[in-house]
Amino acid sequence: MTGAIGIGAGVIGTAVTNRNPILRWSYFTEQTESIVEALVQHLQLTLSAVGIGLIISGALAAIAMKYQWTVGPITGTTAFLYTIPSVAFFGVLVPYTGNSAITAIIPLVCFTLLILVTNILDGFRAVPVAVKDAADGMGLGTSRRVLTVELPIAMPYIINGLRIATVTTVGLVTVAAIIGYGGLGRLILDGLRRAFWTPLTIGAGLSILLALLLDLMFYWLGNAVTPWTRRKRT
Amino acid sequence: MSAATVLAPLAQAAVPRDTGVFEFLLDGQRWTGSPGILGDLLDTVLLCAAVIALSIVLAVPLAAYLAHERKAQLASAWVVNIGRAIPTFAIAGLLVPVSLRGGYGFEPWPIFIALTLLTVPPMFLSTYVAVKQVSPGAVDAARAVGYTERDVLTKVELPLAMTVIFTGIRVASVQVVATEPIRAFLGGDGLGRYVRDGLGQRNQNLVIAGAILIALLAGGTGLLFTAIERLVKPVGVRRLGRPKRAGRLQSADPLGLAGEGTEGTAGSADRDPVVAAADRR
Amino acid sequence: MDTDALPALRLRAVRKRFPGSEADAVQALDLDVPRGSIVSLIGPSGCGKTTTLRMINRLIEPTGGRIELEGTDVSDVPATELRRGIGYVIQQVGLFPHRTIGANIGTVPRALGWAKARIAERTEELSDLVGLERVMLDRYPDELSGGQQQRVGVARALAADPPVLLMDEPFGAVDPIVRTRLQSELLDLQERVKKTIVLVTHDLDEAIRLSDRIALLNVGGVIEQYASPDELLRAPANDFVAEFVGDDRSMRRLTLATVGDLPFERGPVVDVAANDLEAQKIMAAHRSDWVGLTEGETFLGWIDGHELGSGRTLNELPRFMPAAQVTPAQSLRAALEVIMTSRTSVAVINDAGRFRGVVTLEQIRAGLAGDLAEQAA
């Protein structure tokens, strides 16, 4: 991390010129390594944040379902975490966890919790009472009922939560560039600092593409695991 | 445009590193000076207010109309989905060179447009859902006594949907305020500058002070909108208690983040195909 | 010990008080359900009929008393094991929306660890049994109509061939036409499978139609009368029962007996070869203005008595066809409907094209006075 964060620290010239076009295609071949590195870091940060978030949310949702009185405190806390401004959250952790991946991951994870907890709870609430009653009445037993009946029915909601959490996190990772762990966001910030538009365009363009791709991927995944929702009686 | 003009708003808030967080925040000079906290606050508030106002104008009437006509359900769902997928910082970054080429400078246009793109989809969505879920009985009754379609929308659907619409506006507005600080990293200032400068100068206290300011403004925005919500809530609705669906959106799902699952999910007969989801950055 | 004499289900002093409640939802309920019979629990809401049903498979644990299934106290068996051995059908069906119809039907066999081939075989067997096309097995519940879903619900409950079936308002969620059809199907099914069925319903007609015995419950799970449908209608045990079965209990009894249960009566009918005199004689004997013509076992139509004596043969006179007709399997209530709307005030019994006699209002009234159910038995 460099000392100066201000824009234009090493200005080439801010105007869009032939020397500094919005996108110079040769940059892809010259800087393949750093672009791939940024992309990989972006994916790593996104997936680990959502992965950790899912584990924590799963546990929180389980607690909320088991003990009804915890629903309020859990949604309240996760809602509070969700509204912490990202710049403030990343910044405020630096003194404690330094410029490390941890500093980036903690806020990213916290931002996923509300989305995931809400959707997991919605998913399990969507299981019709009659279906649970029938499962009990047939002697499926609690764990079998939860795993083979309730979870599959809740799955579209959970996957949709993952979808929202993931694309949101892709966007937030770019902001983590301000503490040096931004994946593609570093290309954006770097480009802004040097007023060098090619890396900015590549970083921004790829992060948008990544978000849209992951969005589509989860859409397909959601359809793939819920074949029963596609065919309806007409 | 010379480099100097571009760099002008970048004057850093140089603060001695041993200044304590509260020492900084409670120093009147810091507030009224130039650059000063009050000035930055005003910068941020004005930008956010403009974004919120424009977003309401763009999103609410259109969504209300389309929901009343039951039109563009699928298109709305997709627009909202894609809107959610676009990273605000990336969009703003992309717009910077475009803005420079057009001679509009580093800011505020890129951040303004990016924030508006962030805000319109959730406002559109909450309005759409709110109007659509108004009791069909009330709408039928209104038509039965001879209301025109316009009257049905403005005198029945909108008042009944107002609570939910305002919740959507509040949530989206808090998001705008919480996201605006990235402006400081896009060549602008505003309240985000203290975090930026603190990071740049490795001044932890300045970072924390900046973070506190941002968080307070975001929290304050939420409170302000909650107060407005209370004021505009129609008396009848207040007395009746919250409508069922609205209640769900407000309590179990305070930010309207619940997903729609896949369209037509099991047991989701009452669910809207439009994704109930707020955006972030 | 003669196991056949033992009731399949025996409830003794079964009691349930829900936590936080002042009164018992069910207080000291005794009930024997004979093997292979259909017993309905019916009564006003709050009478504890569903609670009682759910105590049998321990979805609700009784506060006191004893429930025996084939002589075994159900509380001695682990709940999941017990439930796998008892079929359970509910109003909202509760099919698993994420599983195909076939997989839904195979739920309990799978839980019991049956081999795949055996489950597949059983699934097809059951779909035939409940009248579900086999192509449906690969579909999802949402693709089926309400009636089809309910058939699947019954098939699923029967999957592991449990001796006892509990049904909680099984046909409450379908429209009346489908409900009637499903009721007939259940009766047909019962002919073949001979299960012990406990059925909760709030529909008296359904209980009358389906049950061998009806337990009419009052608030607090008090059995006011436990009797056959006909007895319940003919001889209500007390005012509560009388009020519950209503003023139209005679009409309801008409749904219990069929045309075939009535004594055979040929009616004012002559062969097409007969002469005017014979026709007039038989009309007089029946005090009828009409005379029916038959040829062998075929009913040809009615002739207006005023047309007689015109010199034409019976065969040449104008006939009124189609005549009002009923089949021996139709209920007396249906026959009544036919008679009331027919011009001749009489319905011809048509058994697959063969003339079997006639039904009149007078016959039905006479039938009601007697013990129809015993004639039916």
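Up top you'll find the structure we're talking about.
Bear in mind that the values here come from a model prediction, so they are computed numbers and not experimental data.

Enquirer: Any chance you could explain the overall build of chain B here in plain terms?
Expert: Looking only at helices and strands, chain B features 13 helices and zero strands. The order of helices and strands in chain B, counted from the N terminus, is α-α-α-α-α-α-α-α-α-α-α-α-α. The 281 residues of chain B split such that 55% are buried. Long-range pairs, those at least 24 residues apart, make up 72% of the contacts in chain B with a sequence separation of at least 6. Accessible surface, chain B as shown: approximately 11600 Å² in total, 66% of it carbon and sulfur.

Enquirer: How should the pattern of salt bridges be read in this particular structure?
Expert: Side chains carrying opposite charge are able to pair once their charged atoms draw close together. In this structure the tally under the stated criterion is 35 salt bridges over all chains. With its nearest N and O atoms 2.9 Å apart, the salt bridge here joins Arg253(C) to Asp230(C). Of this pair, Arg253(C) sits in helix α11 (residues 249–256) while Asp230(C) sits in helix α9 (residues 229–234), placing them 23 residues apart in sequence. Accessibility expressed as a relative area gives 7% for Arg253(C), which makes it buried. Glu307(C) serves as the salt-bridge partner of Arg312(C), at 3.7 Å between the closest nitrogen and oxygen. What makes Glu307(C) partly exposed here is its relative accessible area of 29%. One continuous salt-bridge network, built from bridges that share partners, spans Asp40(B), Asp189(B), Arg193(B), Arg196(B) and Asp197(B).

Enquirer: Is there a simple way to think about the sheet that holds strand β16 (residues 354–360) of chain C in this case?
Expert: Two modes of strand pairing occur in sheets, parallel and antiparallel, and in both the strands are linked by backbone hydrogen bonds. Residues and elements named next belong to chain C. Taken together, three strands build an open sheet; the order of strands is β14-β15-β16 and the sheet is mixed. Among the strands making up the open sheet, the edge pair consists of β14 (325–326) and β16. Examined bridge by bridge, β14 and strand β15 (residues 346–351) share two bridges and lie parallel to one another. Paired with valine 326 across the strands is isoleucine 349, a residue of β15.

Enquirer: Before we go on, may I ask you to explain the packing of aromatic side chains in this structure?
Expert: The geometry of an aromatic ring pair is captured by the separation of the ring centres together with the interplanar angle, meaning the angle of the planes. Residue and element names in this part refer to chain C. Scanning all chains against the criterion turns up nine aromatic pairs over all chains. Aromatic rings pair up to connect Phe299, Trp302 and Phe355 into one cluster. Between arginine 156 and the ring centre of phenylalanine 96, over which it is positioned, the NZ or CZ distance is 4.9 Å. The ring of tyrosine 226 has arginine 213 lying over it, and the distance from NZ or CZ to the ring centre is 4.4 Å.

Enquirer: I keep staring at the interface of chain C and chain A and nothing clicks. Help me out?
Expert: Frequently, the measure chosen for interface size is the accessible area removed from exposure when the parts meet. In this assembly, 29 residues from chain C lie in contact with 21 residues from chain A. Around 2100 Å² of area is buried between chain C and chain A when both sides are counted, 62% of it from carbon and sulfur atoms. Close ionic contact of Arg54(C) with Asp133(A) constitutes a salt bridge, the shortest N to O distance being 2.8 Å. Viewed at the interface, chain A and chain C are joined by six residue pairs in polar contact (both at pLDDT 80 or more). Contributions of two or more residues to the side of chain C that touches chain A are made by α2 (79–84), β6 (86–90) and α4 (107–111) of chain C. The biggest single contributor to the side of chain C that touches chain A is α4(C), with four residues. Of the residues belonging to the side of chain C that touches chain A, the class tally is twelve nonpolar, seven polar and ten charged.

Enquirer: Quick question: what am I supposed to make of the side chain of Ser288(C) here?
Expert: With respect to the helices and strands, Ser288(C) occurs in the loop between α12 (276–286) and β12 (290–295). If near-sequence neighbours (up to four positions away) are discounted, Ser288(C) is found in contact with Pro268(C) and Met283(C).

Enquirer: How do you make sense of helix α5 (residues 116–129) of chain C when you look at a structure like this?
Expert: Given 3.6 residues to a turn, an α-helix orients residues that are three or four positions apart in the same direction. Residue and element names in this part refer to chain C. When the terminal C-alpha atoms of α5 are compared, their 20 Å separation across 14 residues agrees well with the 20 Å that a helix rising 1.5 Å per residue should span. If you check which residues of α5 are buried, you get Ile119, Arg122, Thr123, Leu126 and Ser127. Taken end-on, α5 shows its buried residues confined to a sector of 135°, consistent with a single buried face. Opposite the buried face of α5, at more than 90 degrees from it, the exposed residues are Ala117 and Glu121. Against α3 (101–105), α4 and α6 (146–158) lie the buried residues of α5. Glycine 131 sits one or two residues past α5 and shows a positive phi near 75°.

Enquirer: Just to check I follow, could you spell out the pairing of strand β10 (residues 222–227) of chain C for this structure?
Expert: Residue and element names in this part refer to chain C. Sheet topology places strand β9 (residues 213–218) next to β10; five bridges connect them, and they run antiparallel. Looking at β10, one finds that isoleucine 214 is bridged to alanine 227. Counted along the chain from β9 to the antiparallel partner β10, the turn is three residues long, and its residue glycine 220 has a positive phi close to 90°.

Enquirer: Looking at this structure, how should I read the environment of Met155(A)?
Expert: All names here are of chain A. Note on placement: methionine 155 falls in helix α7 (residues 142–175). For methionine 155, a relative accessible area of 26% translates into the label partly exposed. As a C-alpha pair, methionine 155 and alanine 79 span 76 residues in sequence and 22 Å in three-dimensional space.

Enquirer: Explain the sheet that holds strand β11 (residues 269–271) of chain C to me, please; I cannot follow it from the model alone.
Expert: Residue and element names in this part refer to chain C. Overall, mixed pairing links the three strands, which are arranged β11-β12-β13 in an open sheet. The sheet is open, and its two edges are formed by β11 and β13 (298–304), each paired on a single side. With strand direction ignored, the average angle separating the axes of adjacent strands in the sheet is 35°. Summarising the sheet, β12 and β13 pair through six bridges and their orientation is antiparallel. The residue bridging glycine 292 from the neighbouring strand is tryptophan 302, located in β13.

Parameters at a glance
Residues numbered from 1 in each chain as written. Chains lettered and ligands numbered in written order. Predicted model: local features only at pLDDT ≥ 70, side-chain atom pairs only at ≥ 80, totals over all residues. Heavy atoms only, no water. Helix = DSSP H or I, 4+ residues; strand = E, 2+ residues; numbered from the N terminus. Buried < 20%, exposed > 50% of the residue type's maximum accessible area, 1.4 Å probe, protein only. Contact = heavy atoms within 4.5 Å. Areas by Shrake-Rupley, 256 points an atom, 1.4 Å probe, with all protein chains shown as cover. Salt bridge = Lys/Arg side-chain N within 4 Å of Asp/Glu carboxyl O. Pairing = 2+ DSSP bridges. Phe/Tyr/Trp six-rings, centres within 6.5 Å; stacked < 30°, edge-to-face > 60°. Lys NZ or Arg CZ within 6 Å of the ring centre and 35° of its normal. Buried area = accessible area lost by both parts, 1.4 Å probe. Polar contact = N/O pair within 3.5 Å; in protein donor to acceptor, adjacent residues only side chain to side chain. Nonpolar A, V, L, I, M, F, W, Y, C, P; charged D, E, K, R; others polar. Expected span 1.5 Å × (residues − 1). Arc of directions from axis to C-beta. Axes fitted to C-alpha atoms, helices over the stretch in contact; angles between N-to-C directions.

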